[in-house]
Amino acid sequence: MAVQAPSKAGFDKWQDGINKAVGDSKWNAWDCEIQMAVNEYNRHLSGTAGYMPLDWQFIKAMIWVESGANNSQWNIKPMQIGVPGDPGMTSLLSGNEGGDLIVPPDWKGRLTAGSVRTIPAHNIRAGIGYLLMRMANFEYRSTLDADAKVYEVAVKPGDSLDRIAKAQGSTVDTLKKLNPTAAVLRPGQVLKYQKASVQRVITSWWHISTSLIAQRYNGGGDPNYAKKLDHALSLVRKGKAALCAQ
Amino acid sequence: MRTMKLIGFCLAACFPVSVLAASTAPALGERALREECSAFSQAGMRDCLAKKAESSREALRQAEEKVASALSKWAEDQKYINQAQLKFAASNKDFAQYRDAQCAFASSLGGGAIGNALDMRRLACVSELNQRRAEQLRDAVADLPLK
């Protein structure tokens, strides 16, 4: 006889535990820290490619699902980013996957592998940062430098647009834009250029939802993650939040 | 319901103890394991799956010991015993290699998720494969005639 897996048992047990959290103030312990951190991110990212301010209650629901006040991790890594072998924290802090555009300037350098793993306030910020990094769509685009001056350069034998761009601190896109007729290069020909570089930019945002968080933050390890997050979010919205001095 | 209970009672009481001892619960699939451990928050779930993986390693170790012991007592010419022992060692080695590769693949299906999710998938996969292998090994030598 095939034994059917207890498909609902796990979730039901979790639900029983979390329902007791409502009204227990220790589950609100990180409310003010979360609100502060979410405000910092919202201020920093407002205006980028149609960014919609993040609702801090999503993050509160996430830490209820990720660690919860009854787990010792609640006071170490409430968002669970930076657990042993976690590539997520490294990719956020390395900056070269878009983390440098997401993390507010005040926190760059302050968030480190050591601090994220041991200080809850830093863990919360890294978790939010990673979540937002996963909610953003990035693209490499040619971006003009602050110096808007137009320079000129003479084409040397063997030159290509790529070579000129590299040598002059510009980009192929900029050269093409300023010299629309320079399809074929001739030695001695004079090209215009501006200082520019190819940079990663945020082009759009995913619309945040519990199922998207489950997919992009948790990666389906827990088959009930989205369902748990929905439940936690409804409890968080119903319950009282801590009063914070803003 | 009453009939079910009676059948259950009979299953437990009517079969000889030796049959019950030999039949271990069938190995759960990795998804069922994750469902079961979903009773906890993510931090607790990882611990739950780590324990499952640990006990699967123990189950596999015991099954391997059982096979080794059965082979040494096999009522067969030494030549064939030696051959089976060599094949068994090779199969253990290849299984471990397959398991690690397969579970690395399972873990990679977490994509860009944070560490817990990746590890949960890996641990659930390790548990399932170890338990299935243990089951296979137990079955393989169950009918071996012994000296």
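Residues numbered from 1 in each chain as written. Chains lettered and ligands numbered in written order. Predicted model: local features only at pLDDT ≥ 70, side-chain atom pairs only at ≥ 80, totals over all residues.

Engineer: What am I meant to see in the overall build of chain B here?
Structural biologist: For chain B, the helix and strand inventory stands at six helices and zero strands. Listed by position from the N terminus, the elements making up chain B come as α-α-α-α-α-α. Within the span of chain B, comprising 147 residues, buried residues form 35% of the whole. Sequence separation of at least 24 residues holds for 71% of the intrachain contacts in chain B that already meet a minimum separation of 6. (Helix = DSSP H or I, 4+ residues; strand = E, 2+ residues; numbered from the N terminus. Buried ≥ 20, exposed ≤ 12 C-beta atoms within 10 Å, placed from the backbone. Contact = placed C-beta atoms within 7 Å.)

Engineer: Explain the overall build of chain A here, please?
Structural biologist: When you go through chain A residue by residue, the secondary structure sums to eleven helices and four strands. Against the 2.2 N^0.38 benchmark of 18 Å for 246 residues, chain A shows a C-alpha radius of gyration of 24 Å, more extended than a compact globule. When its C-alpha atoms are laid out on the principal axes, chain A stretches across 80 × 60 × 30 Å. In chain A, which comprises 246 residues, the proportion classed as buried is 36%. In chain A, of all internal contacts separated by at least 6 residues, the share reaching a separation of at least 24 is 71%. (Rg over C-alpha atoms; globule rule 2.2 N^0.38 Å.)

Engineer: Help me out: how do you make sense of the interface of chain B and chain A in this one?
Structural biologist: A common measure of how large an interface is: the accessible area buried when the components associate. Contacts between chain B and chain A engage 29 residues on the former and 34 residues on the latter. Elements that contribute at least two residues to the side of chain B that touches chain A include exactly α3 (30-37), α4 (42-72) and α6 (115-142) of chain B. Sorting elements by how many residues they give to the side of chain B that touches chain A places α6 of chain B first, with seven residues. Considered class by class, the residues forming the side of chain B that touches chain A number 13 nonpolar, ten polar and six charged. (Nonpolar A, V, L, I, M, F, W, Y, C, P; charged D, E, K, R; others polar.)

Engineer: How do you make sense of the environment of alanine 136 of chain A when you look at a structure like this?
Structural biologist: Residue and element names in this part refer to chain A. Within the secondary structure, alanine 136 sits in strand β1 (residues 136-144). When the C-alpha positions of alanine 136 and lysine 13 are compared, they lie 34 Å apart, and in sequence the two are 123 residues distant. Aside from chain neighbours lying at most four places away, what touches alanine 136 is Gly98, Ile102, Ile202 and Trp205.

Engineer: Explanation requested: the confidence of the model for chain B in the structure shown.
Structural biologist: Detailed reading of the predicted coordinates is not advisable wherever pLDDT falls low. All names here are of chain B. The predicted model of chain B averages 87 in pLDDT, with 83% of residues at 70 or higher. Counted against residues more than four places away or in other chains, residues 1-23, with its pLDDT under 50, gives two contacts. Here the complex is predicted with pTM 0.83, and the ipTM for its interfaces comes to 0.82. (pLDDT = per-residue confidence, 0-100.)

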